Amino acid sequence: MPILPPTLAAPHRHRSDADAGAPTAHAGPAAGSATALTRRAVLTLGAAAFATAGNGLRPARAQSPPDRPLRIILPLSAGSGADGAIRAVSTSLAKALGQPVMIENLPGAGGITGTAQIVRAPKDGSVIGVVSNNHVVNPSVYKNIPFDSLADIAPITILGATPFVLVANPAVPAANVRELIAYAKAKPGVLNYGSSGNGTILHLGAAMFADQAKLDIQHVPYKGMGPLMNDVLGGQVQLAVVAAAPAAPHIQSGALRALGVTTAARVPTLPGVPTIAEQGLPGFELDGWIAPVAPAGIPKAELARLYAGFKAAMEMPEARNALIAQGYEIKLTPPDQAAAFFRSEAARMAQVVKSAHLTID
């Protein structure tokens, strides 16, 4: 159901175009060049802008509200982290923009199916999307993608980022990353790790860890987080990189063992868990971010209106607290810095894929 501001009537649902066909996978990375801004600098600047921009962009509702709903295409499945996050802020976003908000899940092919609809949408601000890390990973692991992941979208903001944690079933005889590396090197090919699917950011995170630690561990892909978590808990797979927030209760109960967080700094919800970087793999850094995007060619004024709407929504306690409760650090990176971040992350992920020899089975 659409999220309605108090004074607007329910909208008619827009019909989507036919889904794009699934692409063919390959191992080769996409070309890309790093930007002068680092990923942490871009995100930090965005967060600082949010914290100090009280006299900057005003809430979008101050402008004349559009006479039709905002349709948000989510190229991920219902129940995913990005799905929960955007639904948590949708009511506040509708209030901030002064228009109804409709969310439509169009999953498939690592997010490519739904993103193909976003890039073909009208360039008038009536249709946007919300993408995750997979958007900048896909060019390196798929071919025949029916759009350019950088040129065909206009980032609105990096809404937030959530940490990942490397977990092990308690049967694995390792209490931390150093002990895991020593055990895996003594028994090559014995351990395996699960992911939420081939080519996903969780697959890439574990593959990046195995590559940097020079480990021989086997990948077992699953169809989503639910089956993955069930089998890590049950011991059918020994290791996984997962989002820290949903894993925290299992870690606290002892059902899973946290070996290291993937972020550059320790995580407040898991303060006793060291980073992977401080356990012998310096520079290891990965988190899960979500970003509202519009089709390329959207007028700058409309892009600014949408950014102001997200900014105003996140100033509302109900949206801000809901996102924080889901484990996200709020970023609100401005559009130009978000675009720079997309470019730098695409180049970084291409190098990670190449170095890890990542393939889609």
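Summary of the structure given here. Keep in mind it's a predicted model, so treat the numbers as computed, not measured.

1. Some thoughts on the overall build of the chain
Counting its regular elements, the chain contains eleven helices and 13 strands. Taking as baseline every contact in the chain between residues at least 6 positions apart, the subset at least 24 positions apart corresponds to 82%.

2. Notes on the nonpolar core
Looking at soluble globular proteins, one finds that nonpolar side chains tend to be buried together. Ranked by size, the top nonpolar core spans 60 residues in total, and within it Leu-180, Phe-209 and Phe-342 carry the most contacts. Ranked by the residues each element gives to this core, the list is headed by helix H6 (residues 201-213), at nine residues. If we skip the residues at most four places from it in the chain, Phe-209 touches Leu-166, Val-177, Leu-180, Ile-181, Leu-215, Ile-276, Leu-281 and Phe-284. Counting 35 residues, the second-largest nonpolar core is a separate cluster that includes Leu-97, Ala-294, Leu-306 and Ala-312.

3. Observations regarding the side chain of Ser-92
Along the chain, Ser-92 turns up in helix H2 (residues 81-97). Under the relative-accessibility criterion, Ser-92 is labelled buried at 1%. Contacts of Ser-92, omitting those with residues within four sequence positions, involve Ala-313, Met-316, Glu-318 and Ala-319.

4. Considering the environment of Arg-348
Among the secondary structure elements, Arg-348 is positioned in helix H11 (residues 335-356). Between the C-alpha atom of Arg-348 and that of Val-136, which follows or precedes it by 212 residues, the distance is 9.2 Å. Among the polar contacts listed, one links the side chain of Arg-348 to the backbone oxygen of Glu-285, at a separation of 3.1 Å.

5. Focus: the packing of aromatic side chains
Overall, the coordinates contain two aromatic pairs when judged by the stated rule. Measuring from centroid to centroid gives 5.2 Å for Trp-289 and Phe-342, while their planes differ by 50°, and the two rings are tilted. With Trp-289 in strand S12 (residues 287-295) and Phe-342 in helix H11, the pair connects residues that are 53 residues apart, well separated along the chain. Given the relative accessible area of 1%, Trp-289 is considered buried. Overall, Phe-342 belongs to the buried group, its relative accessible area being 1%.

6. Here we look at the packing of helix H4 (residues 134-141) against H11
Between H4 and H11, the least distance of the axes is 8 Å, while the angle of their chain directions is 45°. As the angle between them shows, H4 and H11 are arranged oblique. As for the relative orientation of H4 and H11, their crossing is right-handed in sense. Between H4 and H11, the residues in contact are His-135, Val-136, Val-137, Ser-140 and Val-141 and Phe-342, Glu-345, Ala-346, Met-349, Ala-350 and Val-353, respectively. Class assignment for the residues of the contact of H4 with H11 results in eight nonpolar, two polar and one charged.

7. Quick word on helix H7 (residues 225-234)
Every buried residue of H7 is listed here: Leu-228, Met-229 and Val-232. Viewed end-on, H7 has its buried residues packed into an arc of 95°, placing them on one side of the element. At its buried positions, H7 is contacted by strand S7 (160-168), strand S8 (192-195), strand S10 (239-243) and helix H8 (244-253). Gly-235 lies just past H7 and shows a positive phi near 85°.

8. Some details on the pattern of salt bridges
Oppositely charged side chains can form a pair if their charged atoms are brought close together. A complete count under the given rule lists nine salt bridges for this structure. Taking the shortest distance from any N to any O, the salt bridge between Glu-104 and Arg-71 comes out at 2.8 Å. Taken together, the residues Glu-104 in strand S3 (residues 101-105) and Arg-71 in strand S2 (residues 70-74) connect sequence positions 33 residues apart. Comparing Glu-104 with Arg-71 shows no difference in burial state: the two are buried.

9. Some remarks on the side chain of Asn-169
The topology assignment puts Asn-169 in the loop between S7 and helix H5 (177-186). Among the residues examined, Asn-169 registers a relative accessible area of 9% and is labelled buried. With residues near it in sequence (within four places) discarded, Asn-169 still touches Val-232, Leu-233, Gly-234, Gly-235, Val-237, Gln-238 and Arg-257.

Reading the values: rules and limits
- Residues numbered from 1 in each chain as written.
- Predicted model: local features only at pLDDT ≥ 70, side-chain atom pairs only at ≥ 80, totals over all residues.
- Heavy atoms only, no water.
- Helix = DSSP H or I, 4+ residues; strand = E, 2+ residues; numbered from the N terminus.
- Contact = heavy atoms within 4.5 Å.
- Core = buried A, V, L, I, M, F, W, Y, C linked by side-chain atoms within 4.5 Å.
- Buried < 20%, exposed > 50% of the residue type's maximum accessible area, 1.4 Å probe, protein only.
- Polar contact = N/O pair within 3.5 Å; in protein donor to acceptor, adjacent residues only side chain to side chain.
- Phe/Tyr/Trp six-rings, centres within 6.5 Å; stacked < 30°, edge-to-face > 60°.
- Axes fitted to C-alpha atoms, helices over the stretch in contact; angles between N-to-C directions.
- Parallel < 35°, antiparallel > 145°, perpendicular 65-115°, else oblique.
- Left-handed = near helix turned anticlockwise from the far one by under 90°.
- Nonpolar A, V, L, I, M, F, W, Y, C, P; charged D, E, K, R; others polar.
- Arc of directions from axis to C-beta.
- Salt bridge = Lys/Arg side-chain N within 4 Å of Asp/Glu carboxyl O.

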